[in-house]
Amino acid sequence: MLYNNDKQLDTQKTSPPRGLLITFEGIDGSGKSTLAALTAAWLREQGLSVLSLREPGGTAIGESIRTILLAKANTAMCMETELMLFAAARAQLIREVILPALAAGTWVICDRFYDSTFAYQGYGRGIDLDHISHLMAIATGGLKPDKTFLLDVSLAVAEQRLSGRPGKADRLDQEDAAFMARTRDGYHQILAAEPERLVAIDADPPEPIVLDQII
């Protein structure tokens, strides 16, 4: 019995500390994908084990769902289908990739997470926020980011950046300015509700300046 107890203690000592889940949010054109990658690279330089992910995606199932969601041809997709596809991809990513990585002590940097669903499908599309909350509880199993960087970009700068990416627009990139304004406002409301988790970053300046803010 004493041997078993000692063995258990040794196991506890050698178990790695839980990793952190850091998410990046913002409207299209905010630069979040680039800044998430730069932040992950900086963390690796500090000697940390880091896993970079994107939503939707990160698994074979999630990438298949991503193709469906972003295809320009899928203009007939209703907003409820869109909502549930995002949730399905997230559920798979969390259970297949994120939870094992965190348990192994890896820091997970994720380009979008459930805040995007509230901002885009909730505030942008107008789906009831309580309905989204119930669905997200199922999809995430209660997992929350340890810290979320909200890259807050002005609509004018976002539009300018998106216009400079010819041929890369997907189905969601084709939304009008009013939709993006509602989505941006939604992010601000999420920030006001959870200021301890979300950190607002001015994303209008060049990338090196924004990265310094994040670091």
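What counts and what doesn't
Residues numbered from 1 in each chain as written. Predicted model: local features only at pLDDT ≥ 70, side-chain atom pairs only at ≥ 80, totals over all residues. Heavy atoms only, no water. Phe/Tyr/Trp six-rings, centres within 6.5 Å; stacked < 30°, edge-to-face > 60°. Buried < 20%, exposed > 50% of the residue type's maximum accessible area, 1.4 Å probe, protein only. Helix = DSSP H or I, 4+ residues; strand = E, 2+ residues; numbered from the N terminus. Lys NZ or Arg CZ within 6 Å of the ring centre and 35° of its normal. Axes fitted to C-alpha atoms, helices over the stretch in contact; angles between N-to-C directions. Parallel < 35°, antiparallel > 145°, perpendicular 65-115°, else oblique. Left-handed = near helix turned anticlockwise from the far one by under 90°. Contact = heavy atoms within 4.5 Å. 1 Å grid on protein atoms, 1.4 Å probe; cavity = no way out; pocket = protein on both sides within 12 Å on 5 of 7 lines; lining within 4 Å. Points joined across faces, edges and corners; volume = space filled by probe spheres on them. Nonpolar A, V, L, I, M, F, W, Y, C, P; charged D, E, K, R; others polar. Lys, Arg positive; Asp, Glu negative; His and termini not counted. Salt bridge = Lys/Arg side-chain N within 4 Å of Asp/Glu carboxyl O.

Trainee: Looking at this structure, how should I read the packing of aromatic side chains?
Mentor: A ring pair, where both rings are aromatic, is described by two values, the distance of the centres and the angle of the planes. Throughout the structure, instances matching the rule amount to five aromatic pairs. Ring geometry for F113 against Y114: centres 5.3 Å apart, planes inclined by 45 degrees, an arrangement best described as tilted. Here the two residues F113 and Y114 agree in accessibility, since each one is buried. Ring geometry for Y120 against F179: centres 6.0 Å apart, planes inclined by 55 degrees, an arrangement best described as tilted. Here F179 lies in helix 8 (residues 177-193) and Y120 lies in helix 5 (residues 114-124), a separation of 59 residues in the sequence. Lying over the aromatic face of F113, R90 brings its terminal NZ or CZ to 5.7 Å of the ring centre.

Trainee: I keep staring at the packing of helix 5 against helix 8 and nothing clicks. Help me out?
Mentor: Each pair of packed helices can be described by the angle between their axes along with the distance between the axes. Running from amino to carboxyl end, helix 5 crosses helix 8 at an angle of 130 degrees, the nearest separation of the two axes being 8 Å. With respect to helix 8, the axis of helix 5 lies oblique. Crossing geometry of helix 5 relative to helix 8 is assigned as right-handed. Facing helix 5, whose interface residues are D115, S116, F118, A119, Y120, Y123 and G124, helix 8 presents F179, M180, R182, T183, G186, Y187, Q189 and I190.

Trainee: Looking at this structure, how should I read empty space enclosed by the protein?
Mentor: Sizing a probe to match a water molecule and rolling it over the atoms shows the empty space that remains. With the rule as written, the count across this model stands at one cavity of 30 Å³ or more. Surrounding the largest cavity, G26, I27, L150, L151, D152, V153, R184, Y187 and H188 form its lining. For the lining of the largest cavity, the secondary-structure elements that each account for two or more residues are strand 4 (147-152) and helix 8. Residue composition of the lining of the largest cavity, by class: five nonpolar, two polar and two charged.

Trainee: It is not clear to me how helix 5 should be interpreted in this structure. Could you clarify?
Mentor: In terms of burial, helix 5 is largely enclosed, as ten of its eleven residues are buried. Looking at the residues trailing helix 5, positive phi occurs at G126, about 95 degrees.

Trainee: It is not clear to me how the side chain of T23 should be interpreted in this structure. Could you clarify?
Mentor: With respect to the helices and strands, the residue T23 is situated in strand 1 (residues 21-25). Those residues in contact with T23, other than ones at most four positions away along the chain, are C110, F113, P145, K147, T148 and F149.

Trainee: Can you walk me through the side chain of R66 in this structure?
Mentor: Residue placement: R66 occurs in helix 3 (residues 60-70). Of the side chains bearing the opposite charge, E63 lies closest to the buried R66, which forms no salt bridge; the N-O distance is 4.6 Å. Once residues lying within four places of it in the same chain are set aside, the contact partners of R66 are R54, E55 and P56.

Trainee: Just to check I follow, could you spell out the layout of surface pockets for this structure?
Mentor: The volume enclosed by the largest pocket comes to roughly 690 Å³. Considering the residues around the largest pocket, the lining is formed by 34 residues, among which D28, K32, S33, R112 and R165 are closest to the centre. Those elements that provide at least two residues to the lining of the largest pocket are helix 2 (32-45), helix 3, helix 4 (79-103), helix 5 and helix 9 (207-214).

Geometric values such as these leave the question of function open.
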